[in-house]
Each structure stands twice: as structure tokens, then as C-alpha cells.
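# Inside the fold
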Amino acid sequence: MNSDVFEEISAHLPFQVEACWLDPDSDTLLLSGSGWRLRVSGPWRLTREEVIEASRDAEVRPDMADGVRSLVGAQIVDVQPQSRFNSLDIALLMNDGRVLELFSDYTYDIWLLRIGDVAIEGPLQSSGR
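Keep in mind the model is a prediction, meaning the values are calculated, not measured.

What counts and what doesn't
Residues numbered from 1 in each chain as written. Predicted model: local features only at pLDDT ≥ 70, side-chain atom pairs only at ≥ 80, totals over all residues. Heavy atoms only, no water. Helix = DSSP H or I, 4+ residues; strand = E, 2+ residues; numbered from the N terminus. Polar contact = N/O pair within 3.5 Å; in protein donor to acceptor, adjacent residues only side chain to side chain. Salt bridge = Lys/Arg side-chain N within 4 Å of Asp/Glu carboxyl O. Buried < 20%, exposed > 50% of the residue type's maximum accessible area, 1.4 Å probe, protein only.

Below, the discussion takes up the environment of D96. Position of D96 among the secondary structure elements: in the loop between β8 (86–94) and β9 (98–102). In sequence terms D96 and R48 are 48 residues apart; their C-alpha atoms lie 8.7 Å from each other. A polar side-chain atom of D96 sits 2.8 Å from a polar atom in the side chain of R98.

With that settled, the discussion passes to the pattern of salt bridges. Inspection of the entire model under this criterion finds 4 salt bridges. One salt bridge connects R45 with E101, and the closest N-O pair in it is separated by 2.6 Å. With R45 in strand β5 (residues 44–48) and E101 in strand β9, the pair connects residues that are 56 residues apart, well separated along the chain. With a shortest N-O distance of 3.8 Å, R98 and E53 are connected by a salt bridge. Within this pair, whereas R98 is found in strand β9, its partner E53 is found in strand β6 (residues 51–55), the two being separated by 45 residues in sequence.

Turning our attention to the pairing of β9. Within β9, 5 of the 5 residues are buried, which leaves it mostly tucked inside the rest of the structure. Side-chain alternation along β9 places R98, L100 and L102 on one buried face and V99 and E101 on a second face that is also buried.

As C-alpha cells, then:
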């Protein structure tokens, strides 16, 4: 059940973002810190107050890389379903009000969150409810 996954992630929060990198060749977003790391190969967007600061699918702008790098030093303080309509992907809420939303448009658009020895891969499976 998806709520178990959200509870598992929440139990380990907050995560300090110590490194952040966007691979220009594969569009893969990588975030990491002490004891955790996140790899996102699908679509994502970074928002603040519903304004998109950076996105994998946005037209490449010089300031987009800065938006991604600005995550270094932020803390991930909460995790929620990406939207009320989609509980298969996650949204990571930062201490500064930004939100990193992950999307899985296709089965190969995955994200992988490792917390110590635990690996959580999305899109999460539907509970059928």
C-alpha cells in the first residue's frame, strides 16, 4: 500500500541535500546526502508557490542549472503524493517552501530513492483503491 511507502520515507526525514547534479546527456537528476540518495530518470519539476523554477521538460535556460544546484543546502522535510490524483509518484517538500515533484509518464520513467539499505522505486504500485 502506498501509504506505507510514504510512512517509511517520512520516518527518515529530514534529508539534508549535500549534492545535486543534472546529467545533461541523460536528463537524470541526482540528489544525495548522508545516508540517502535519489536518482530521477523521468520528468520532474521544482516549484516555489506554484511557479516552476526548473524542470526536466522545460526549455533549457542558463538559470535552470542554477535552480537545480540551489537545492544544495536545502532540507527535505516532508513527502506527499505528487498530487491528489496521483499517488504513484512523490513530491518532496523543502524547508524553504520549494517542492520537487516527480512524474512517471512511462514505465521506464523511474525514480529510485535509497535510504541506507532500503531502496524505494517509483512509480509506486497502485493499491487498487
